[in-house]
Amino acid sequence: MRRYPRTTFCFRMLWDSSFQICGCCILGFGIYLLIHNNFGVLFHNLPSLTLGNVFVIVGSIIMVVAFLGCMGSIKENKCLLMSFFILLLIILLAEVTLAILLFVYEQKLNEYVAKGLTDSIHRYHSDNSTKAAWDSIQSFLQCCGINGTSDWTSGPPASCPSDRKVEVLGMSFALTLNCQIDKTSQTIGL
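Parameters and conventions
- Residues numbered from 1 in each chain as written.
- Predicted model: local features only at pLDDT ≥ 70, side-chain atom pairs only at ≥ 80, totals over all residues.
- Heavy atoms only, no water.
- Helix = DSSP H or I, 4+ residues; strand = E, 2+ residues; numbered from the N terminus.
- Buried < 20%, exposed > 50% of the residue type's maximum accessible area, 1.4 Å probe, protein only.
- Areas by Shrake-Rupley, 256 points an atom, 1.4 Å probe, with all protein chains shown as cover.
- Polar contact = N/O pair within 3.5 Å; in protein donor to acceptor, adjacent residues only side chain to side chain.
- Contact = heavy atoms within 4.5 Å.
- Axes fitted to C-alpha atoms, helices over the stretch in contact; angles between N-to-C directions.
- Parallel < 35°, antiparallel > 145°, perpendicular 65-115°, else oblique.
- Left-handed = near helix turned anticlockwise from the far one by under 90°.
- Nonpolar A, V, L, I, M, F, W, Y, C, P; charged D, E, K, R; others polar.
- Salt bridge = Lys/Arg side-chain N within 4 Å of Asp/Glu carboxyl O.
- pLDDT = per-residue confidence, 0-100.

Let us now look at the overall build of the protein chain. Each helix and strand counted, the protein chain has 6 helices and 0 strands in total. The order of helices and strands in the protein chain, counted from the N terminus, is α-α-α-α-α-α. Residues counted as buried form 27% of the 190 residues belonging to the protein chain. Of the roughly 12500 Å² of accessible surface on the protein chain, a fraction of 69% belongs to carbon and sulfur atoms.

Structure (structure tokens):
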């Protein structure tokens, strides 16, 4: 069996361990969000697609992949290292594919998110969990509705800030990502 220099081994172990720790942190934060977060009720179309669930899934995947890399480094097992490389390649390809799909379907995604949030605003007075989520978000972010007070047909709720400093609800990861993709595409001239 071929032995690598000790510095290479230590570097690989440190690198793989840092991924393992990151995976644990993301998983822990996901579990925390699942227990303490009530923002998932804003999208009734996809009740299981919450930020907590996404973090738990991503954290678990990172931990498994990092474990394969770490064990492959310790045992210098070619099969484990090849599995680690293939999984990293699949993750990279999935990220690139997701970025392309978000860029191509940006307008549809914006419409879908806006429709979902507008539907949840209409449920504000009839659903206590939706009311609690909107009140929590608006108090924390100091905003009112999606685009402003005009989103509330029966007048803004008490959770809207009285000074109306911020009018835009910046709560969707997809919208933030779309804005970044749009800025990047404008910068590079696409």
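Structure shown, so let's carry the discussion forward.
On to the side chain of Ser-159. With respect to the helices and strands, the residue Ser-159 is situated in the loop between helix 5 (128–141) and helix 6 (173–188). In terms of polar contacts, Ser-159 uses its side chain to reach the side chain of Asp-135, at 2.8 Å. Setting aside its immediate chain neighbours within four residues, Ser-159 contacts Tyr-124, Trp-134, Asp-135, Gln-138 and Ser-139.

Where helix 1 (residues 6–36) contacts helix 2 (residues 51–75), the axes come no closer than 7 Å and their chain directions differ by 160 degrees. Of the possible angle classes, the one that applies to helix 1 and helix 2 is roughly antiparallel. Note that helix 1 runs across helix 2; the crossing there is left-handed. Its residues placed into classes, the contact of helix 1 with helix 2 shows 20 nonpolar, 10 polar and 2 charged.

Turning next to the pattern of salt bridges. Applying the stated rule across the entire model yields 2 salt bridges. In this structure, the salt-bridge partner of Asp-119 is Lys-115, at a minimum N-O distance of 3.2 Å. Of the two residues, Asp-119 and Lys-115 both sit in helix 4 (residues 106–122), 4 residues apart, roughly one turn of that helix. Notably, a salt bridge pairs Lys-131 with Asp-135, separated by 3.2 Å at the nearest N-O pair. Of the two residues, Lys-131 and Asp-135 both sit in helix 5, 4 residues apart, roughly one turn of that helix. Using a relative accessible area of 33% as the deciding quantity, one classes Lys-131 as partly exposed.

Further remarks concern unusual backbone geometry. Residues other than glycine seldom take positive phi values, yet Glu-76 does so here, at roughly 50 degrees. Looking at the secondary structure, you find Glu-76 in the loop between helix 2 and helix 3 (78–104). Looking at Glu-76, the relative accessible area reads 15%, which means it is buried.

Attention shifts here to the confidence of the model for the protein chain. On average, residues of the protein chain score 79 in pLDDT, and 78% of them reach the 70 mark or higher. Of all the helices and strands in the protein chain, helix 6 carries the lowest mean pLDDT, 61, while helix 3 carries the highest, 91. Every residue in residues 164–172 is under pLDDT 50, and counting partners more than four places away or in other chains gives 26 contacts.

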